[in-house]
Amino acid sequence: MAKSIKINQIVRLKQVMKKLRLATSPDTTDTDSDSETDTPRTPPGFLAVYVGSERERFLIPIRYLNLPVFVTLLKRAEEEYGFKFSGGIVVPCEVGFFRKVLEFLEKDERQFGRLELDEFLKMFSEVGFDRFSHLKHNAS
């Protein structure tokens, strides 16, 4: 059973990456007023994600996409926005929470990279980051 879940995650990740490649391909033209020329280029090995209602831009290492917290956040993005996006993936969480997750991963990816979304939420609530508690109802 766990093997089929992992295969589904890999297939979903490949779909996201394919859509992202198509959306950011230099061959595509953007007729919207928000031209991609206004957005800085993303360096190789990184992915631009847009977080929260502010759509704050973050560059994350592509390897993070395999971490449990990002798998859950990508599932949430798919549920909320589907695979329709142009120029980047929108992550439906608060900017402060996302920034804290990145901070912990940058400190010790080996230790914190194993944590699920709900484990980050619990850890943050235990140290006084209660403003993230509203995410708990949908953490799994």
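Because the structure is a prediction, the values reported are computed rather than measured. (Residues numbered from 1 in each chain as written. Predicted model: local features only at pLDDT ≥ 70, side-chain atom pairs only at ≥ 80, totals over all residues. Heavy atoms only, no water.)

### So, the overall build of the protein chain
Test applied: Each helix is a run of H or I in the DSSP string that is no shorter than four residues. Each strand is a run of E no shorter than two, and both are numbered from the N terminus. Categorising residues by exposure relies on relative accessible area from a 1.4 Å probe, with only protein chains included: less than 20% of the type maximum marks a residue as buried, more than 50% marks it as exposed, and the intermediate range marks it as partly exposed.
Along its length, the protein chain carries 5 helices and 3 strands. The order of helices and strands in the protein chain, counted from the N terminus, is α-β-β-α-β-α-α-α. Counting all 140 residues of the protein chain, 36% fall into the buried class.

### Considerations on the packing of aromatic side chains
Going by this rule: Two aromatic rings, drawn from Phe, Tyr or Trp (for Trp, its six-membered ring), form a pair once their centres lie within 6.5 Å of each other, and the interplanar angle then sorts them: stacked below 30 degrees, edge-to-face above 60, tilted otherwise.
A complete count under the given rule lists 7 aromatic pairs for this structure. Between Phe104 and Phe124, the ring centres sit 5.4 Å apart and the planes meet at 45 degrees, which makes this aromatic pair tilted. Of this pair, Phe104 sits in helix H3 (residues 95–107) while Phe124 is found in helix H5 (residues 117–126), placing the two residues 20 residues apart along the sequence. Across the pair, Phe124 and Phe104 agree in class, each one buried.

### A closer look at the nonpolar core
The following threshold applies: Each nonpolar core is a collection of buried residues, namely Ala, Val, Leu, Ile, Met, Phe, Trp, Tyr and Cys, held together in the definition by side-chain atoms within 4.5 Å. Contacts are assigned to residue pairs that have any heavy atoms within 4.5 Å of one another.
Counting 30 residues, the largest nonpolar core has Val49, Ile60, Phe70, Phe98 and Phe120 as the members making the most contacts within it. For this core, the secondary structure elements donating two or more residues are strand E1 (46–51), strand E2 (56–61), helix H2 (68–81), strand E3 (89–91), H3 and H5. Residues within four places of Phe98 in sequence aside, it is in contact with Val49, Val51, Phe58, Ile60, Phe70, Leu73, Val91 and Cys93.

### As for H5
In an α-helix, one turn spans 3.6 residues, which is why side chains three or four residues apart end up on the same side. Our working rule: The directions from the helix axis to the C-beta atoms are what the arc is built from.
For H5, the full list of buried residues reads Leu117, Phe120, Leu121, Met123 and Phe124. Along the axis of H5, the buried residues cluster in a sector spanning 165 degrees; they form a single face. More than 90 degrees from the buried face of H5, the exposed residues found are Lys122 and Glu126. Those residues of H5 that are buried lie in contact with H2, H3 and helix H4 (109–112).

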